[in-house]
Amino acid sequence: MSGGLLVAGTTSDAGKSVVTAGICRWLVRQGVKVAPFKGQNMSLNSFVTREGAEIGRAQAMQAQAARVEPSALMNPVLLKPGSDRSSQVVLMGKPVGELSASGYHGGRQEALLGTVVDCLERLRGTYDAVICEGAGSPAEINLRRTDIVNMGIARAAKLPVVVVGDIDRGGVFASFFGTTALLSPEDQALVAGYIVNKFRGDVSLLEPGIDMLRGLTGRHTYGILPYAHGLGIDEEDGLRVSLRGAVRESVVAPPVGEDVLRVAVCAVPLMSNFTDVDALAAEPGVIVRFVDRPEELADADLVVVPGTRGTVRALEWLRERGLARELARRAAEGRPVLGICGGFQVLGEHIEDEVESRAGSVTGLGLLPVRVRFAPAKTLARPTGEALGESVEGYEIHHGVAEVLGGEAFLDGCRVGAVWGTHWHGSLESDGFRRRFLETVASAAGRRFVPAPDTSFGALREEQLDRLGDLIEEHADTDALMRLIEQGAPAGLPFIAPGAPA
């Protein structure tokens, strides 16, 4: 078997990432050696592989679903936005420069098609099946000429395509039909059918529409997946709703102690790897909220300043919003603050940045005795160590190099009073360390909160991935899906007018 499939979507956030992960988990349960792939990803949530390559966190999560080690082959092109108009281009896990959107789509993207196809073919030579994820919509007709992640890669690799639509948004039938009808005849010939995502209610009420869709398009609907709450799976591009009041939660369980613990995460611009706080949200009795106003920090037992692709911009934002004053007040009162990566950098005394913002010398918040200098080379690492008497693992993704001038050692950073800072993402996924850290926070906050003694973030993640596999196994036409992966798109799929514009 050397099968493959492209999971496209009617829109961004239609569910491509979770459907891809679910198919990977279902296939590996069937004894299929499977790998995920996304030719080009735009995301501020990234991960470092064991060989030191930076890829999207969604592909790392999908690799875990497939029970394989993530690699740069699975996400050869990663775009990390630095503004509305430019992104850092990460090629095969390493940064190669900044490009404007027009510069990238004006020629650079098309030139990368050979690299993307080569990575996919290398995976297909190693695995029984490769499940590819698209980006946005394949019907973005303004970008089709340079496309390397949707129909461009499907055509180059002769992959069958299923299109996922989020019915919770409404208009899913029009979206399926319109997506297909805006593709060229050659592209349409690879679109085998559809998957309805996030359905609520009685499936029998949807079936007449599914029958009419088949009559209109000649294409099969491969599954109707129900709305699944609290999946807690890594998101690709960030929180898509207003951050005010957004709550992260993986499990709903009562606190072990007498109190809950409230965590406020400052929703800084270009926030990256906000998935760091998912391990906190997985703890019974820990409430994690994203905030953007100083008064929202008042009842927080812990404030997290997360990673960001724009450290200096985040620092300015904290000052403009009045959050900087509140952070300084908390530090003076001995109330807990944790800075991670870019958040760690803003808590320091001084930043010298001629790389990311090119702002030169900038004064930090001065809550930690740290000076930061931005280096052209990006640090990509998978460190291990010890803190609070517990083993810790993490990963590093940053241009800023920190010189720690005092305080108590804390991972690669430091601690002064109740203020902690580190470049290590993912450290809170180490269960023993997370429990000791939360105990320390609860003590400083005066809360009678007790961490659950048996919470395993790794086990919870596996449970969530199994839930995704269950969604496919129980609600998709798995026989038809397996044939599609093994044999490709059926011959003779009808053309739906008008097709792509000339």
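That block above? That's the structure.
This is a predicted model, so every value here is computed, not measured.

Engineer: Can you help me understand the sheet that holds strand β7 (residues 86-91) in this one?
Structural biologist: Across the sheet, which stays open at both edges, the 4 strands sit in the order β3-β6-β7-β8 with mixed pairing between neighbours. Looking at the sheet topology across the chains shown, the edges are occupied by β3 (40-42) and β8 (94-100). Between one strand axis and the next, the sheet turns through 25 degrees on average, direction left out of account. Sheet analysis places β7 next to β8, joined by 6 bridges and oriented antiparallel. Its bridge partner lying in β8, glutamine 88 is registered against glutamate 98.

Engineer: What should I look at first to understand the state of the cysteines in this one?
Structural biologist: By definition, a disulfide links two cysteine residues through a covalent bond between their sulfur atoms. All told, the structure shown has 0 disulfides when counted by the stated rule. Free of any disulfide, cysteine 266 has its nearest cysteine sulfur in cysteine 341, 15 Å distant. The class of cysteine 266 is buried, set by a relative accessible area of 0%. The structure places no disulfide on cysteine 341, whose sulfur is separated from the nearest cysteine sulfur, that of cysteine 414, by 15 Å.

Engineer: I would appreciate a short explanation of the nonpolar core in the present structure.
Structural biologist: Nonpolar side chains in soluble globular proteins generally cluster together in the buried interior. Counting residues in hydrophobic clusters, the biggest one holds 73 residues, and the most contacted among them are Leu5, Ile23, Leu27, Val34, Phe37, Ile131 and Val161. Among the elements that line this core, the one with the most residues is helix α1 (residues 16-29), at 7 residues. In this structure, isoleucine 131 is in contact with Leu5, Val7, Thr20, Ile23, Cys24, Leu27, Val34, Ala35, Pro36, Phe37 and Ile485, ignoring residues within four places of it in sequence. Grouped together as the second largest cluster of nonpolar side chains are 64 residues, Val277, Ala281, Ala418 and Phe437 included.

Engineer: What am I meant to see in the packing of α1 against helix α14 (residues 457-475) here?
Structural biologist: Geometrically, a packed helix pair is captured by the angle between its two axes and the distance between the axes. Across the interface, α1 lies against α14 with an axial gap of 7 Å and an inter-helix angle of 85 degrees. As summarised for this structure, α1 and α14 are arranged roughly perpendicular, according to the angle between their axes. Facing Val18, Val19, Ala21, Gly22, Ile23, Arg25, Trp26 and Arg29 of α1, the residues of α14 in contact are Glu462, Leu465, Asp466, Leu468, Gly469, Asp470, Ile472 and Glu473. Grouping the amino acids of the contact of α1 with α14 by side-chain chemistry returns 8 nonpolar, 2 polar and 6 charged.

About the cut-offs
Residues numbered from 1 in each chain as written. Predicted model: local features only at pLDDT ≥ 70, side-chain atom pairs only at ≥ 80, totals over all residues. Heavy atoms only, no water. Pairing = 2+ DSSP bridges. Helix = DSSP H or I, 4+ residues; strand = E, 2+ residues; numbered from the N terminus. Axes fitted to C-alpha atoms, helices over the stretch in contact; angles between N-to-C directions. Disulfide = S-S within 2.5 Å. Buried < 20%, exposed > 50% of the residue type's maximum accessible area, 1.4 Å probe, protein only. Core = buried A, V, L, I, M, F, W, Y, C linked by side-chain atoms within 4.5 Å. Contact = heavy atoms within 4.5 Å. Parallel < 35°, antiparallel > 145°, perpendicular 65-115°, else oblique. Nonpolar A, V, L, I, M, F, W, Y, C, P; charged D, E, K, R; others polar.

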